[in-house]
Amino acid sequence: GPSSRAYVVDAVELAMKIHRTQPGGHILVFLTGQEEIESACRRLSELIRGRDEFSDPDAQACNRPENLLIVPLYGMLSGQSNAEG
């Protein structure tokens, strides 16, 4: 529903903010279901492709959107798919 979408958008935006402003490392975003995970992955992919203005030319290399690796994990993925990320 709409409130679910809002929290997914907020989670994605926060993950991108952390990615842009903090030293390199891992960011885990916990969502409640497969649909939300897939929605968040699509949104992050859109941001990386530059559909939104998240590029900062002064950012360190590890903090640029193109250096973000999206790895969806959820119960319906096979163990092999989860491991491959």
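The structure under discussion appears in the preceding block.
A quick note: this is a predicted structure, and the numbers were derived from the prediction, not measured. (Residues numbered from 1 in each chain as written. Predicted model: local features only at pLDDT ≥ 70, side-chain atom pairs only at ≥ 80, totals over all residues. Heavy atoms only, no water.)

What about the overall build of the chain?
On a plain count of helices and strands, the chain comes out with three helices and zero strands. Of the regular secondary structure in the chain, the N- to C-terminal order runs α-α-α. Per-residue burial for the chain yields a buried fraction of 22% across its 85 residues. Considering only contacts in the chain between residues 6 or more positions apart, those separated by 24 or more positions represent 61%. (Helix = DSSP H or I, 4+ residues; strand = E, 2+ residues; numbered from the N terminus. Buried < 20%, exposed > 50% of the residue type's maximum accessible area, 1.4 Å probe, protein only. Contact = heavy atoms within 4.5 Å.)

Digging into the pattern of salt bridges
Counted under the stated rule, the structure contains one salt bridge. The partner of Arg 43 in a salt bridge is Glu 46, with the nearest N and O atoms 3.7 Å apart. A residue pair is termed a helical-turn pair when its members lie 3 or 4 positions apart in one helix, as Arg 43 and Glu 46 do in helix α2 (residues 34-48) at three residues. (Salt bridge = Lys/Arg side-chain N within 4 Å of Asp/Glu carboxyl O.)

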